[in-house]
Each structure stands twice: as structure tokens, then as C-alpha cells.
Amino acid sequence: MTEVGARDAVVAADWQAAVREAAVALVELGVAGPGYPDACVKVVEQNGPYIVLTKGLALVHARPEDGGLAVGVAVTRLVTPVEFGHPDNDPVDLLLAFCTPDPDAHVASLSRLARALSSGLADRLREAADHDALATELKEALPDA
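Residues numbered from 1 in each chain as written. Predicted model: local features only at pLDDT ≥ 70, side-chain atom pairs only at ≥ 80, totals over all residues. Heavy atoms only, no water.

1. Digging into helix H2 (residues 36-47)
Phase 1: Here H2 spans 17 Å end to end across 12 residues, near enough to the 16 Å set by a 1.5 Å rise per residue.
Phase 2: For H2, the complete set of buried residues consists of Tyr36, Pro37, Ala39, Cys40, Val41, Val43 and Val44.
Phase 3: Against helix H1 (15-29), strand S3 (57-60) and strand S5 (92-99) lie the buried residues of H2.
Phase 4: Backbone geometry just after H2 places Gly48 at a positive phi near 85 degrees. (Helix = DSSP H or I, 4+ residues; strand = E, 2+ residues; numbered from the N terminus. Expected span 1.5 Å × (residues − 1). Buried < 20%, exposed > 50% of the residue type's maximum accessible area, 1.4 Å probe, protein only. Contact = heavy atoms within 4.5 Å.)

2. Some remarks on the state of the cysteines
Phase 1: Inspection of every chain in the model, using the stated rule, returns 0 disulfides.
Phase 2: No disulfide involves Cys99; its nearest neighbouring cysteine sulfur is the one of Cys40, lying 8.2 Å away.
Phase 3: Judged by relative accessible area, which is 1%, Cys99 ranks as buried. (Disulfide = S-S within 2.5 Å.)

3. Description of the nonpolar core
Phase 1: Core analysis: the biggest nonpolar cluster contains 30 residues, and Val19, Leu26, Tyr36, Ile51, Val60, Phe84 and Leu95 have the highest contact counts within it.
Phase 2: Taken together, the elements giving at least two residues each to this core come down to H1, H2, S3, strand S4 (72-82) and S5.
Phase 3: Of the residues forming this core, the biggest block, 7 residues, is contributed by H1.
Phase 4: Each residue touching Phe84, except ones within four places of it in the same chain, is listed here: Trp15, Val19, Val44, Pro49, Ile51, Val52, Ala58, Asp90, Val92 and Leu95.
Phase 5: In terms of nonpolar packing, the next biggest core, distinct from the first, is built from 19 residues, Ala6, Leu121, Ala128 and Leu138 among them. (Core = buried A, V, L, I, M, F, W, Y, C linked by side-chain atoms within 4.5 Å.)

4. Details of the packing of aromatic side chains
Phase 1: For the coordinates displayed, the defined rule picks out 1 aromatic pair.
Phase 2: Residues Trp15 and Phe84 carry aromatic rings whose centres are separated by 5.7 Å and whose planes lie at 35 degrees to one another, so their mutual orientation is tilted. A residue pair is termed long-range when its members are at least 10 positions apart, and Trp15 in helix H1 and Phe84 in the loop between S4 and S5 qualify at 69 residues.
Phase 3: Here Trp15 falls in the buried class, since its relative accessible area comes to 14%. (Phe/Tyr/Trp six-rings, centres within 6.5 Å; stacked < 30°, edge-to-face > 60°.)

5. A word on unusual backbone geometry
Across residues other than glycine, the phi torsion is negative in most instances, and most of the peptide bonds are trans.
Phase 1: Going from Asp90 to Pro91, the amide bond is cis rather than trans, its omega being -10 degrees.
Phase 2: You can see Pro91 is positioned in the loop between S4 and S5.

6. Focus on H1
Phase 1: Counted at 1.5 Å a residue, the expected span for H1 with its 15 residues is 21 Å, and the 22 Å between its end C-alpha atoms agrees.
Phase 2: Residues of H1 that are buried include every one of Trp15, Ala18, Val19, Ala22, Ala23, Ala25 and Leu26, and no others. The buried residues of H1 occupy an angular sector of 130 degrees when the element is viewed end-on, so they sit on one face.
Phase 3: On its buried face, H1 sits against strand S1 (3-10), H2, S3, S4 and S5.
Phase 4: Capping the start of H1, Asp14 holds a side-chain oxygen 3.3 Å from the backbone nitrogen of Gln16, two or three residues further along. (Arc of directions from axis to C-beta. Polar contact = N/O pair within 3.5 Å; in protein donor to acceptor, adjacent residues only side chain to side chain.)

Here it is as C-alpha cells:
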């Protein structure tokens, strides 16, 4: 079972704050430990903005051993987009954060998210009227949630 969360109208001064805000949603759901947000920032600091997958969308995550307690996915919609330094897909206004407790669940979650994104999930999330609609869209996109 995947725990699903949503945060809307989030203010972030820069990409680090945006990543932390997105990952905090997982901590609030109880699926990630308290160190997970900082681990997610370190992923980008060490590997660059590869998490910015498409125009305006970042997939926030860290390794399961960095604090993944259960399977969780949360969407964060920013008030003002932030720059990650990606050459093609900046600025980012939508962040999907996920965590898993083990590598197998990590791959399965990525696969489910990829399928949902290829079927227009990002557009539906951007069009969601409010927090509740945001959460509903994400839940409907992940059938086991």
C-alpha cells in the first residue's frame, strides 16, 4: 500500500527549500524519517538536477537507506517556480516526492510514477483546483494507493 499526500500553495525561496518542502510531506505521512529531506537535497547537490524530469517537474527522492520507512508519494505545488539549473526543464513548479523502504519497492514505485506521468499526471496535478483535488488526482493515478 502506498501512502499518498499533497501540499499546495507552498512557498520556497530556492530549489533546496522546494526539495525539503516536498520531502517533509513524506515525513508528515510517516513514511520517511526526519533526515530524509536533507538526504534528498544531497542527491541533487551530488548528482546535479537530473531529478527535473520534464518541463517544470522534479522527482524528489533519496536512497531507501536514507530514511525510507514505507512506500509513499507526495505532490507539492509551488506558488512560484524555482530554478534547479536544468538546461531544458527549469523552472520547476511541481514536485513529486517518493520514498520506499527497500530497493525493490523503489524500482516498482518509479515504474508506477513513470506510467502515471506518461498518461498526463503532471498536467492534471497542475489543473487541480485545490489541495483536496491535488491529493485525489495523485491517489487516482496510483491504483494501489
